[in-house]
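# Examination of the molecular architecture
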Amino acid sequence: MNSTWVLIPVHNRRETTLRCLNHLKRTQPWNQFEVLVIDDGSTDGTSEAIAAEFPEVTVVGGDGSLWWGG
């Protein structure tokens, strides 16, 4: 496991998040860091889409109450 992490907090930003991950994978040395997406209660299928397209990305779910500092 790498010691560098990229943290991406999201809420109902499925397409934006997938574009971000695609760009990151295309332009950065993907094997040199870990990606963690904090999905705070999305209802648009964000977590499911990430799991399907980027199984190597860790997704942590919230209930919508995390907001910026949760």
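Preceding this paragraph is the structure being described.
For the structure given in this document, a descriptive report is provided here. (Residues numbered from 1 in each chain as written. Predicted model: local features only at pLDDT ≥ 70, side-chain atom pairs only at ≥ 80, totals over all residues. Heavy atoms only, no water.)

### Observations concerning the pattern of salt bridges
Selection criterion: Salt bridges, as used here, are contacts in which a Lys or Arg side-chain nitrogen is within 4 Å of a carboxyl oxygen on Asp or Glu. Three labels apply to residues, based on accessible area from a 1.4 Å probe with only protein chains included: buried if under 20% of the type maximum, exposed if over 50%, partly exposed otherwise in between. For helices the rule is a DSSP run of H or I covering at least 4 residues; for strands it is a run of E covering at least 2, with both sets numbered from the N terminus onward.
Taken as a whole, this structure holds 2 salt bridges when the rule is applied. Glu 15 is paired through a salt bridge with Arg 14; the nearest N and O atoms lie 2.5 Å apart. Overall, Glu 15 belongs to the partly exposed group, its relative accessible area being 43%. Measuring nitrogen to oxygen at the nearest pair gives 3.2 Å for the salt bridge that ties Glu 56 to Lys 25. Pair noted here: Glu 56 is in the loop between α2 (46–53) and β3 (58–62) and Lys 25 is in helix α1 (residues 14–27), with a separation of 31 residues, a long-range link.

### Focus on the sheet that holds β3
Note the following rule: When DSSP finds two or more bridges between a pair of strands, those strands are recorded as paired. The axes used here are C-alpha line fits, helices contributing only the stretch in contact, and every angle between their N-to-C directions lies in the interval 0 to 180 degrees. Here, residues are in contact when the closest pair of their heavy atoms is within 4.5 Å.
With respect to topology, 3 strands assemble into an open sheet ordered β1-β2-β3, the strand pairing being parallel. Bordering the open sheet on either side are β1 (5–10) and β3, each of which pairs with just one other strand. The average angle at which neighbouring strand axes cross in this sheet is 20 degrees, direction not considered. Most of the contacts of α1 go to β1, to which it runs at about 165 degrees, and overall it touches β1 and β2 (34–40).

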